[in-house]
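Secondary and tertiary structure notes
If you want the building blocks of each chain, they are given just below.
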Amino acid sequence: MSEKGFAECFVKDGSSFTLEKPAILIVDMLNDFCKEGGSMVLKEGAEVYGPIAALIAAGRARGCPIIYVNDCHRPGKYDREFDKRAPHCIDGTWGAEVVSELAPAEEDYCVKKRRFSGFFQTDLDLILRELGVKTVIVTGVVTNICVRSTCHDAFFLGYNVVVPEDCVRATGPREQASTLWDIATHFGAVSDSGQVIAKF
Ligand code: ZN
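**Brief notes about the pattern of salt bridges**
Side chains that differ in charge, positive against negative, can pair when their charged atoms come close. A full pass over the atoms with the stated rule returns 12 salt bridges. Taking the shortest distance from any N to any O, the salt bridge between Arg 169 and Glu 47 comes out at 2.6 Å. Of this pair, Arg 169 sits in strand β6 (residues 168-169) while Glu 47 sits in the loop between α1 (31-34) and α2 (49-61), placing them 122 residues apart in sequence. Glu 107 is the salt-bridge partner of Arg 60, the closest N and O atoms lying 3.2 Å from each other. Highlighted residues: Arg 60 in helix α2 and Glu 107 in the loop between β2 (66-71) and β3 (109-113), separated in sequence by 47 residues. Judged by its relative accessible area of 28%, Arg 60 is partly exposed. On the basis of relative accessibility, which here comes to 53%, the residue Glu 107 falls in the exposed class. When salt bridges that share partners are traced, they join Asp 28, Asp 71 and Lys 113 into one network.

Right, here's the structure in full:
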């Protein structure tokens, strides 16, 4: 029997990674989640503006695709997510827009999603395959829900997953720590923006 506990039985260190054909995903950096007056605000979301902006600038300079994955629900229509969560990110409203600090450029991609994962019932996988992407650098909010769901699906679909921990925030410190641990041990690598930028 192994001396190691369940979580320690990984074959590759959870902080080691390479950036084979990378794309940067920016998950849910939207006014409703990040800005005062939003419908479901995570105050700590503002802490990741700087690191994500630096990552985007470095990636863009090297031709790395920048893909925004944005929660977006239809106005006035039933959406099953609202059985569980208060209404948020209604299409066409301020709340559904990317925060001005990280506004997408003309050449960037924007993918609308109606569930937590950026891959579920969207064309994100198709975009990544068309671009020949092998590695997704996943950033945004919140670590333990939409970032996590997106990392799960990315891994299941065969992508390498890298999460810079200074570019994601969870609903609390416990959720941040536990989610990053799970990602590092089961789904990909956890690093920081400086380490990722150094490998571009
Ligand atoms: Zn939603």
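After presenting the structure, the write-up continues.
**Considering the coordination of the zinc ion**
In this structure, Asp 71 (OD), His 73 (NE2), Glu 81 (OE) and His 88 (NE2) serve as the protein donors to the zinc ion, at separations of 1.8 to 2.1 Å. Because the angles between the 4 donor atoms bound to the zinc ion fall within 89 to 159°, the donor set is best described as irregular. The sequence pattern describing where the donors of the zinc ion fall on their chain is D-x1-H-x7-E-x6-H. Here Asp 71 is found in strand β2, whereas its partner Glu 81 is found in the loop between β2 and β3, with 10 residues between them in sequence. For Asp 71, a relative accessible area of 2% puts it in the buried group.

**Considering the packing of aromatic side chains**
For the structure on display, the rule yields 4 aromatic pairs. Note on Phe 155 and Phe 156: the rings are 6.3 Å apart at their centroids and 65° apart in plane angle, and the pair reads as edge-to-face. Taking relative accessible area as the criterion, Phe 155 reaches 40% and is therefore assigned partly exposed. On the basis of relative accessibility, which here comes to 56%, the residue Phe 156 falls in the exposed class. Between Phe 156 and Phe 187 the ring centres are 6.2 Å apart and the planes differ by 65°, which places this aromatic pair in the edge-to-face class. With Phe 156 in helix α4 (residues 143-156) and Phe 187 in helix α5 (residues 173-187), this residue pair connects regions lying 31 residues apart in the sequence. A connected cluster of aromatic rings, assembled from ring pairs, spans Phe 155, Phe 156 and Phe 187.

Here is what the cut-offs are and how they apply
Residues numbered from 1 in each chain as written. Predicted model: local features only at pLDDT ≥ 70, side-chain atom pairs only at ≥ 80, totals over all residues. Heavy atoms only, no water. Salt bridge = Lys/Arg side-chain N within 4 Å of Asp/Glu carboxyl O. Helix = DSSP H or I, 4+ residues; strand = E, 2+ residues; numbered from the N terminus. Buried < 20%, exposed > 50% of the residue type's maximum accessible area, 1.4 Å probe, protein only. Donors = N, O, S within 2.8 Å, 3.2 Å for Na, K, Ca; no water. Tetrahedral: all angles 85-135°; square planar, octahedral: opposite > 155°, others 65-115°. Phe/Tyr/Trp six-rings, centres within 6.5 Å; stacked < 30°, edge-to-face > 60°.

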